[in-house]
Amino acid sequence: MLDIRPERLTRSQARRTVLRASGLDRPRSTRQAPGGTRELQQVVDRLGLLQVDSVNVLARAHLMPVYSRVGAWDVTTLDRATARPPRRLVETWAHEASLVPPSTFRALAFKHAGYRARVERRGDELNGVPVGRSPEVAAVRGIVEERGPVTAREAQELLGGGGRRSEAWGWSSTDAKRALEYLFLVGELTTAGRNAQFERRFDLPERVLPPEVLAAPQLDERTARRRLVEIAARAHGVASVRCLADHWRTAVEPTREVVEELVTQGVLRPVEVEGWRGPLYRHRDARVPRRAQGRALLSPFDPVVWERTRTESLFDLRYRIEIYVPAASRVWGYYVLPFLLGERMVALVDLKADRRAGVLRVPAVHRTPGPAGDPATGAPGDAEVAHELATELWALAGWLGLSDVHVDRDAAGGLAGPLGREVATAAGRTATP
């Protein structure tokens, strides 16, 4: 690598650069009509992918990053993007299960091959379950070829009824589901969208990917890794090698080699950031805005908070999702979202969409650790945070089709009282003492 003197950034400059790259540094549009295909595509182009997760206590994981950046949007545009040709997005293993552009699916071929090789080294077993060259996998592959797209439930019926079940992957899983998940993991299958029950509809990539993507030459591994690192670097603005590797859940050392190559070519530039151990890199197109004026609730599956060391170094926030933590051991709550105000994450809010009652519930709301109401640092006080958060919660409730926002009477966290009053005021009601 060339001896290139690193650029120095303050932590504030680095935060603003990261938020600009992620599309979170500006107020969202105040348009009346909900966003659609154009807004969805803008977010995907910026982030490179949307992580998928089945947790639906608030909204599906892949829906929230779009909302955080563009506000209210029509989620049926995502159904069209994933379920109808020509598809703009397909599902595969990237950063966990993710929606990616079709061209990115093909760039991930080396990663899919790596999964296959890992399974073969372990004797064709994945987490103790026979896969690979097993008869069930061959039979299920044949079902998809003949009948696809199919769900795991449909494939099991075609395979021969109930089938054997196993808890080996931590979930009750049929023969067909295990086979389909393996084929999905190694890239032999993708999805033709999901059904109303959020079940994957598995199909062959050659029947899902647009013809022009299928016709393009397959990238060699080095070129593919470079493309993925560049996408990740644009999405991050400022990042470590570990951040860039984590974006696609790829190995660190090959990523480091690509980063060194991109530095010599001027695509990435070394930087130093106070409080964040390096080496760090800024994409050459990343800009440092003079101010960050955005306001957003961030899903636990948002790319800005994926890499926890980065979140701690930039935002002084030790953040972990606690849905798998026993209730008595949780620090912040069950499904907690960081609240971004300007360039700081100023609160952590536990939220639940009570769809039956039509209410957005707040079981807990905490100020994040650090100075509050400090003119020297610009950190907002509790009153300002509560006011801004109440406004954000009402907007989120409207997008989710909920008619009310309610801070639980016994809500945990020091911000519960001020937020409850602001929520009531925003609704035109008098808060209950």
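Owing to the predicted nature of the structure, the values given are computational and were not obtained by experimental measurement.

Caption draft 1: How the structure looks around the packing of aromatic side chains. The final tally for this structure, using the stated rule, is two aromatic pairs. Taking the centre distance of 4.6 Å and the plane angle of 15 degrees together, the rings of Tyr67 and Trp399 count as stacked. Of this pair, Tyr67 sits in helix 3 (residues 64-70) while Trp399 sits in helix 16 (residues 382-399), and the two are 332 residues apart along the sequence. Looking at Arg60, its charged tip hangs above the ring of Phe198, at a distance of 3.9 Å from the centre. Between the NZ or CZ atom of Arg194 and the centre of the ring of Phe198, over which it lies, the distance is 4.1 Å.

Caption draft 2: Structural detail: empty space enclosed by the protein. Scanning all chains against the criterion turns up three cavities of 30 Å³ or more. The volume enclosed by the largest cavity comes to roughly 50 Å³. Taken together, Phe110, Arg225, Leu228, Val229, Leu244, Trp248, Thr250, Thr255 and Val258 make up the full set of residues lining the largest cavity. Per-element accounting of the lining of the largest cavity gives the leading share, three residues, to helix 12 (residues 221-236). For the lining of the largest cavity, the class distribution of residues is six nonpolar, two polar and one charged.

Caption draft 3: Region of the structure containing the pairing of strand 12 (residues 268-273). In terms of strand pairing, strand 1 (residues 7-9) meets strand 12 through three bridges, oriented parallel. Bridging across to strand 12, Arg8 finds its partner in Glu272. Alignment of strand 12 against strand 13 (residues 276-283), held across five bridges, turns out to be antiparallel. Bridged to Pro270 within strand 13 is Tyr281. Connecting strand 12 to the antiparallel partner strand 13 that follows it, the hairpin turn spans two residues, and Gly275 within it adopts a positive phi of roughly 85 degrees.

Parameters at a glance
Residues numbered from 1 in each chain as written. Predicted model: local features only at pLDDT ≥ 70, side-chain atom pairs only at ≥ 80, totals over all residues. Heavy atoms only, no water. Phe/Tyr/Trp six-rings, centres within 6.5 Å; stacked < 30°, edge-to-face > 60°. Helix = DSSP H or I, 4+ residues; strand = E, 2+ residues; numbered from the N terminus. Lys NZ or Arg CZ within 6 Å of the ring centre and 35° of its normal. 1 Å grid on protein atoms, 1.4 Å probe; cavity = no way out; pocket = protein on both sides within 12 Å on 5 of 7 lines; lining within 4 Å. Points joined across faces, edges and corners; volume = space filled by probe spheres on them. Nonpolar A, V, L, I, M, F, W, Y, C, P; charged D, E, K, R; others polar. Pairing = 2+ DSSP bridges.

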